[in-house]
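Structural overview for review
The residues making up each chain are set out below.
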Amino acid sequence: MIRSLLYLSAVVLIFGLGLCAGSFWIAPESFESHQLIVEMRALRMAAAFTVGGSLALSGLIFQALLRNPLAEPFTLGLSGGAAVGAALAFLTGVYTLGIAGVNLCAFAGAMAVLAFVLVTARGGRESLLLTGVITGTIMSGLLMFLLSRAESAEQLAGITWWMLGDLQAPEKTLLTACGIFLIGAAVLARFFAGDIDALSLGSSHAHDMGVRSKPVLLLMTTLASLLAAGTVALAGIVGFCGLVIPHVIRRLHGQSHRKTVLPAVLGGGVFLMLCDIVSRLGEIREIPIGVITALTGGPAFLWLLNRRKGV
Amino acid sequence: MLEIHDLFFRYQKKSPFLLSGLSFTLKEGECIMLLGANGTGKSTLLGLLNGRLQPESGSVTLNGTNLSAIPARERAKWIATVHQLPEELPGFTVEEMVMLGRTPYLSRLGTPARSDHEAVRTTLELLELTDFADRDVRQLSGGERQRVMLAAALVRQTPYLLLDEPTAAADPARRISLLHLLKALPWKPGILAITHDITAAQDFADRYLLLNNGGKLETASALNAENITRLYGKDAVFFLKSP
């Protein structure tokens, strides 16, 4: 309870900081005179929290179900599908309709890959993992092909920037949908937390503990993938958060998912809000959020890893 | 009563049956040792008895009800299985791991009830694991891990226990004390245990199930040179205790 309150306090504090900080500082008493910018920053903070929370929860579930500490939200090849969808949007001119058009194409790409992996993979988690990784590799090849067909520097720059993650202009309706989905997913993940714990021992042990392995595996895989696909639609591909935050949360709260679901959502949200604040401190041009997540999260994770051995 | 009747099983349709025409019952309070050479289908039989695998024909029933018709959480309150140690374990503490065994009793959104904590505490004491409660299971020895897995099964106090070589990783003294403990469990479960330890089997079994290479099951009230030779070859008679 105390820990949850600490997380919530951190969310509120960093949200407030995110309203003030940016390419120039806005003190709280000046919010009214900079209303438009403050509103934009609030929208970005909400998007960063939603994306960070979704990625961390998705990574937490994938690492347990696939019993692989290197698993993350895009392990099943979703990022490859999303990138191909986004590249197609840039190459076919859909991007001229706005960033929402690109993101919806990316979401469709991620969903197509998820459907393909779920239909193709047979025989449990190993098959799921391998099918996902191979599908991701095929998508990478397809992406390279599409990049080679780009006709202008504008198209290439658009695809590259999108692939680095972008929280500059989140679409309000999409943000609301992703936010509501995150809340529902967190409740559902908490409901199945005991089952996820049991499945992390393997399906035979889970069966013995009264868990119906296959339906729970399918449901949780779909849930974690939808969370990841939602973030893609909202902000492009934001790497690292979904890999590192679950490990950090387990370090702090233990292995049981009964104790880690809520902290993962809040911790992931806080982490990405902080990264977003850092990304827009530059006066001329923003640093892509994916660069910040890797450059800050990576060293922090290595420090944590080597402070106490074993992940 | 856990009962198998005229059971046939194979993993693939076109392959020969791994288990054919098996019938036997396990009653509460009795201890059956299941013996057989490697690859004869002993672990598969345990998988059929706990509902993880489905027979091609025949039936597995619990108190007269087909096992597949019983909801998973309800079934787990009746039958607990101790599998062979998984190659990799996640970083649960010993206490968390034993609490996992209570899964069918745990509230889905709430925290474990007082009765769950009490059951975990009692089981840790029973298996002399109290001092390890906060340790990461990955830091334990093979024998200690096996005791933790046994504790995770015993914590539910099920009427039936299926054990896949439950003492394989234990040292000889611990092996004997674990077998004594299983025989003296206060709720007197029906125990079916796979073992390759012929000597220990002779000390603790009420009767024996001998699984032959052709997937045929033989019931025996005692182990002797004849049935052990049929099962493992004549060299294995060396391990038989003198009558």
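Residues numbered from 1 in each chain as written. Chains lettered and ligands numbered in written order. Predicted model: local features only at pLDDT ≥ 70, side-chain atom pairs only at ≥ 80, totals over all residues. Heavy atoms only, no water.

Let's talk about the interface of chain A and chain B
Many analyses report the size of an interface as the accessible area lost when the parts associate. Counting residues at the interface gives 24 residues for chain A, matched by 32 residues for chain B. Here chain A and chain B share an interface that buries about 2300 Å² over both sides, 55% of which is from carbon and sulfur atoms. At the boundary of chain A with chain B, the tally comes to three salt bridges. In this structure, Asp195 of chain A and Arg108 of chain B form a salt bridge, with 3.3 Å as the shortest nitrogen-oxygen distance. Taken together, the connections running from chain A to chain B amount to 14 residue pairs in polar contact (both at pLDDT 80 or more). Breaking the side of chain A that touches chain B down by element, the ones donating at least two residues are helix H7 (172–191), helix H8 (193–199), helix H9 (203–208) and helix H12 (257–279) of chain A. (Contact = heavy atoms within 4.5 Å. Buried area = accessible area lost by both parts, 1.4 Å probe. Salt bridge = Lys/Arg side-chain N within 4 Å of Asp/Glu carboxyl O. Polar contact = N/O pair within 3.5 Å; in protein donor to acceptor, adjacent residues only side chain to side chain. Helix = DSSP H or I, 4+ residues; strand = E, 2+ residues; numbered from the N terminus.)

Considering the packing of helix H5 (residues 142–154) of chain B against helix H6 (residues 172–183) of chain B
All names here are of chain B. One way to put it is that H5 packs onto H6 with a least axis distance of 13 Å and a crossing angle of 5°. Relative to H6, the element H5 lies roughly parallel. On H6, the residues touching Arg147, Leu150 and Leu154 of H5 are Arg174, Leu178, Leu181 and Leu182. Looking at the contact of H5 with H6, its residues break down into five nonpolar, no polar and two charged. (Axes fitted to C-alpha atoms, helices over the stretch in contact; angles between N-to-C directions. Parallel < 35°, antiparallel > 145°, perpendicular 65-115°, else oblique. Nonpolar A, V, L, I, M, F, W, Y, C, P; charged D, E, K, R; others polar.)

Quick look at H12 of chain A
With 23 residues, H12 of chain A should cover 33 Å at 1.5 Å per step; its first-to-last C-alpha distance of 31 Å lies within 8% of that length. Its axis deflected by about 30° at Pro263 of chain A, H12 of chain A carries its strongest bend there. (Expected span 1.5 Å × (residues − 1). Bend = angle between axes of the 7 residues up to and from the residue.)

Considering the domain arrangement of chain B
All names here are of chain B. Domain boundaries assigned for chain B yield domain 1 (1–78 + 159–172 + 188–243) and domain 2 (86–157). Averaged C-alpha coordinates put domain 1 and domain 2 at centres separated by 26 Å. The interface of domain 1 with domain 2 comprises twelve residues on the first partner and 13 residues on the second. Across the domain 1 to domain 2 interface the summed buried area is about 940 Å²; carbon plus sulfur atoms make up 53%. (Domains from an automatic or database assignment.)

Some thoughts on the sheet that holds strand S4 (residues 57–62) of chain B
If you trace the four strands from one edge of the open sheet to the other, you get S2-S1-S4-S5 (chain B), paired in antiparallel fashion. On the outer flanks of this sheet lie strand S2 (19–26) and strand S5 (65–66) of chain B, each paired with one strand and no other. (Pairing = 2+ DSSP bridges.)

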